[in-house]
Amino acid sequence: MNILRTFDLGKKFRSAVALEGLNLSVPEGSVFALIGSNGAGKTTVIKILMNILQPTSGHTETLGRRKLSPRELQQIGYVSENQEMPEWMTVEYFMAYLKPFYPTWDDARAEELLRQFELPRDRKLKHLSRGMKMKAALASSLAYRPKLIVLDEPFSGLDPLVRDELIEGLLESASEATILISSHDLAEIESFASHVGYLDSGRLRFSEEMTALSARFREVEVTLDRNGLPENLPPTWLRPEKSAAVVRFVDSQFDEARTMADIRRLFGDPRSVSINPMPLRSIFVTLEKAERKAA
Amino acid sequence: MKQALHIFSKDVRHLRWEIGISLLLMVTFVLIQLRRDFVRHADAAVFSYFLLAFWAFLCARLIQAEAIRGDRQFWITRPYEWRSLLAAKLLFMVVFIGIPLFVADAVTLGMEGFSITSNVVGLVWSLILITAGTLLAFCAFATLTRGLTEWMLGAVMTVGVLYVIAVIANEKAWGGVEWMRDYGYVAIVFIASTAVLLWQYARRGTAAAMVMMAAGWLGSSLFINYSHSSWALELETRFFKPEVDPSSIRVAVRSPAERGRKGVLPEWQQAVSLAIPVDISGLPEGVDLISDQVDVAIMDGRKEIWAREGRPGSGYLEHLPGSHRLLVQVDRWVVERGPVNVGLTLYLTSLRDSASRVVRPGETVDVPGAGRCRDVVEGRDSWIVCESPLRAPPNVLVVELGGVRRDRFLNSTSYSPFPADADSAIIPLGRYSHSGPVHFAPATLTSLEPLAHFRRDLDLRDVTLTDYQLLR
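Values in this document were obtained by computation on a predicted structure and should not be read as measured data.

### Quick look at the overall build of chain A
Phase 1: For chain A, the count of helices and strands is 10 helices and 13 strands.
Phase 2: Reported as C-alpha extents along the three principal axes, the dimensions of chain A are approximately 70 × 40 × 35 Å.
Phase 3: Within chain A, the fraction of its 295 residues that count as buried is 38%.

### Thoughts on the overall build of chain B
Phase 1: In terms of helices and strands, chain B carries 10 helices and 15 strands.
Phase 2: With the C-alpha coordinates of chain B rotated into their principal frame, the extents come out at 85 × 55 × 45 Å.
Phase 3: With 472 residues in all, chain B has 37% of them scored as buried.

### Some thoughts on the domain arrangement of chain B
Phase 1: Domains assigned within chain B are domain 1 (2–227) and domain 2 (239–352 + 453–470).
Phase 2: Its C-alpha centre places domain 1 of chain B at a distance of 43 Å from the equivalent point of domain 2 of chain B.

### Some thoughts on helix H5 (residues 120–142) of chain B
For an α-helix the count is 3.6 residues per turn, leaving residues at separations of three or four pointing the same way.
Residues and elements named next belong to chain B.
Phase 1: Between the first and last C-alpha of H5 there are 31 Å, a value that for 23 residues agrees with the 33 Å anticipated at 1.5 Å per step.
Phase 2: The largest bend in H5 comes to about 40°, at Thr131.
Phase 3: Burial analysis of H5 places 17 of its 23 residues in the buried class, the great majority of the element.

### What to know about the sheet that holds strand S13 (residues 272–277) of chain A
Note on sheets: strands pair through backbone hydrogen bonds, and any given pair is parallel or antiparallel.
Residue and element names in this part refer to chain A.
Phase 1: Read from one edge to the other, the open sheet built from 4 strands follows the order S11-S12-S10-S13, with strand pairing classed as antiparallel. Whereas interior strands pair on both sides, the edge strands pair on one side only; in this sheet they are strand S11 (237–243) and S13. Direction aside, the axes of adjacent strands within the sheet are offset by 15° on average.
Phase 2: For strand S10 (residues 218–223) and S13, the ladder comprises 6 bridges, and the chain directions are antiparallel. Bridging across to S13, Thr223 finds its partner in Ser272.

### A few points about the nonpolar core
Phase 1: Grouped together as the largest cluster of nonpolar side chains are 76 residues, with contacts concentrated most on Ala139(A), Val150(A) and Ile179(A).
Phase 2: When residues are assigned to domains, this core turns out to be shared by domain 1 (2–208) and domain 2 (218–277) of chain A, each giving three or more.
Phase 3: The residues touching Val150(A), leaving out its near neighbours within four places in the chain, are Ile46(A), Leu49(A), Met50(A), Ile76(A), Tyr78(A) and Leu180(A).
Phase 4: Formed by 54 residues, the second largest nonpolar core is a distinct cluster that contains Leu127(B), Cys139(B), Leu390(B) and Ala422(B).

### Some remarks on the domain arrangement of chain A
For interface size, the figure often reported is the accessible area lost on association.
Phase 1: Each assigned domain of chain A is listed with its residue range as follows: domain 1 (2–208) and domain 2 (218–277).
Phase 2: Its C-alpha centre places domain 1 of chain A at a distance of 40 Å from the equivalent point of domain 2 of chain A.

### A few points about the pairing of strand S3 (residues 287–300) of chain B
All names here are of chain B.
Phase 1: Of the strand pairs in this sheet, S3 and strand S7 (residues 340–359) are connected by 12 bridges, and their pairing is antiparallel. Opposite Met299, over in S7, you have Asn341 as the bridge partner.
Phase 2: With 5 bridges connecting them, S3 and strand S4 (residues 303–308) associate as antiparallel partners. Of the residues in S4, the one forming a bridge with Met299 is Glu304.

### Thoughts on the sheet that holds strand S9 (residues 203–209) of chain A
Residues and elements named next belong to chain A.
Phase 1: Read from one edge to the other, the open sheet built from 6 strands follows the order S5-S6-S7-S3-S8-S9, with strand pairing classed as mixed. Single-partner strands in this sheet number two, and they are strand S5 (76–80) and S9. For this sheet the average axis-to-axis angle between neighbouring strands, irrespective of direction, equals 10°.
Phase 2: Where strand S8 (residues 195–200) lies against S9, 6 bridges are found, and the strand directions are antiparallel. Across the sheet, residue His195 finds its bridge partner in S9, namely Glu209.
Phase 3: Packed on one face of the sheet, helix H1 (residues 42–49) meets strand S3 (31–35), strand S6 (148–152), strand S7 (178–182) and S8 and runs near 145° to S6.
Phase 4: The strands touched by helix H5 (residues 130–142) are S5 and S6; relative to S5, the strand with the most contacts, the crossing angle is about 170°.

### Considering the environment of Ala104(B)
Residues and elements named next belong to chain B.
Phase 1: Position of Ala104 among the secondary structure elements: in helix H4 (residues 82–111).
Phase 2: When the 21 C-beta atoms within 10 Å are taken as the criterion, Ala104 is described as buried.
Phase 3: Among all residues touching Ala104, those that are not within four sequence positions of it are Met26, Phe29 and Val30.

### With respect to the packing of helix H6 (residues 148–167) of chain B against helix H8 (residues 206–226) of chain B
The packing of two helices is summarised by the inter-axis angle and the distance between the axes.
All names here are of chain B.
Phase 1: Taken N-terminus to C-terminus, the directions of H6 and H8 make an angle of 25°; their axes are 9 Å apart at the nearest point. Classed by the angle they form, the pair H6 and H8 counts as roughly parallel. The two elements H6 and H8 cross, and the hand of that crossing is right-handed. Side by side, H6 and H8 meet where Thr158, Leu162, Ile165 and Ala166 of the first sit next to Trp217, Ser221, Leu222 and Asn225 of the second.

### Points about unusual backbone geometry
Phase 1: Positive phi, close to 55°, is recorded for Leu63(A), a residue that is not glycine.
Phase 2: On the neighbour-count criterion, Leu63(A) (16 C-beta atoms within 10 Å) is partly exposed.
Phase 3: Despite not being glycine, Arg204(B) shows a phi value in the positive range, around 50°.
Phase 4: Given 20 C-beta atoms within a 10 Å radius, Arg204(B) is considered buried.

Scoring rules and cut-offs
Residues numbered from 1 in each chain as written. Chains lettered and ligands numbered in written order. Predicted model: local features only at pLDDT ≥ 70, side-chain atom pairs only at ≥ 80, totals over all residues. Helix = DSSP H or I, 4+ residues; strand = E, 2+ residues; numbered from the N terminus. Buried ≥ 20, exposed ≤ 12 C-beta atoms within 10 Å, placed from the backbone. Domains from an automatic or database assignment. Expected span 1.5 Å × (residues − 1). Bend = angle between axes of the 7 residues up to and from the residue. Pairing = 2+ DSSP bridges. Axes fitted to C-alpha atoms, helices over the stretch in contact; angles between N-to-C directions. Core = buried A, V, L, I, M, F, W, Y, C linked by C-beta atoms within 7 Å. Contact = placed C-beta atoms within 7 Å. Parallel < 35°, antiparallel > 145°, perpendicular 65-115°, else oblique. Left-handed = near helix turned anticlockwise from the far one by under 90°.

Listed below in structure tokens is the structure:
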């Protein structure tokens, strides 16, 4: 079952197209990473899913509802990098103020989060560092054990230690919630995301399980006995390059038998073939460069 | 309701300093009003603007604690019920502006010697009016802005535009029906503000709300400043239930006593006063008559060449010993034009004596239906000052000075059926005065109770206006 869905979603800001024909599904229980370069439309999708912005065309369903009422919002934790907080409140008052809004608020969990994040209870939010503020926002969004956690660039500009603490806090909730996270921090995301969606210029290029993505992307290095790069390479081979007798490319639909058969068909009998898995960051960079080249 | 109270208590904690300052300002305001010095009463008027400005600021702080405009506020992804949020904000306004203002007004009236219990309905009504016409507008405006800087810029621009509209506006006196204009203004502002608040809290659609607010303010401002009094007088003549049937009252124009120009007008004089003798018959015993407005249309044949409508100060019915005449002002070029037809529309009110009191130097007298009046002398100037709680007096005050009757002496009568005027919550005790270089007291003040409002149309065919020219 999908906890979040978009149907042919489109959004324009005056004449600028931010999203176009977006169909995205986030399965229940997943940790879904929404990746894409700056301006790809990640924040716009999230804001439409959270009913903060209205779409120009299409619609969304969050927790099965097109329009979020307070009842749905009681089950959603939302944290964004540029959220405006009630700066005059102390951390303790902020938590106490939010408590009555959530029937599932768990005092013990709230205490635990405050301790875990080492948040100073009597300090006003305006006097907290950026990292601390993000921790306070996350603590206030996890204390009621939400069914869905939506995070928009939560790690942006944070030092590694704070990032680790936030991820740790998040992972403790991952077992009981679906998480949608948009981030540039691909290395961090890779460690805990179960699904990934790639947005480019307002379009969804792919959306799949992380294991499937990792399995289908391979960096291939072929050492040949002769020079020359043949034409008509398979379209799934991205960024092909050649130096001396070595050909390198990224296979975006890797299947060992088929890839090897294609290599033999194009290069004859190579001296050696090296096939290596790729981290998410390398996959992302490959896709971005391939898109730019195609454009 | 539980959520509304929760948000309300958060706002109280957040805005405790602002609340303190507001209450302090209100106490100061009461003290300023209680100064008996008549001239210094102007201080209260100035201070009332300051108080209004602070309330506008307080409303902005209150609304922007959960700002409506923008897409980054923490609260919009939290389970707020919009009705609870709006209710919390309105409750705050009532508790920290409305109720203190009610108490301040009651204390002011009480300390000034007016009965609080007999004015309690008026006090509540007055509070409803200021909430509908002012405080809701402050809150609605605040929902359109993102922060205090934006709010400040918006407020300065709005006040500037409304001021310019007001500066080039029509006359303010409406012959006793000003209340219709004021209530119309309050109604437009109330409808626009309510629409903006409901729209913003339910939908958060600032662009549409800005259009609604601008339409409301421009509409109300144009209405209060540019609409003519004739429609209000017309409504009054049709819907005010007369206590005495005015159908027997006849008004007819008489020929001038002598014809021809009665002197030479100086070059610079562009307006000419005409004195048109009239006969009034059929007045029941003890019933008097005053004009609320006289509209004039001058025609060459059937074609209108000059008209003046909705200008109560430019024409009136004057009482002379044993007779009446209409005094109207017209442009000089019309008078000098030659034979014309004149159409006169008279909005009249029949009245009967309610009470007469003599005011002596240094004394204060209660004149029923006209307020509490006294004679004030400061230096070479003299005033007759009447004070009336929460609304302009319902009766017409007439003063006999040196054997000459001065109608509408204070020009303050309101035929409003309501217990409070639209602006009475800020300064609950209205002071109406007439000043002059002569000492008025002792003077006889007569309060006349309105019985019926009606209209009479008069036609003068082929007349030479110089025959009616009045040289002062």
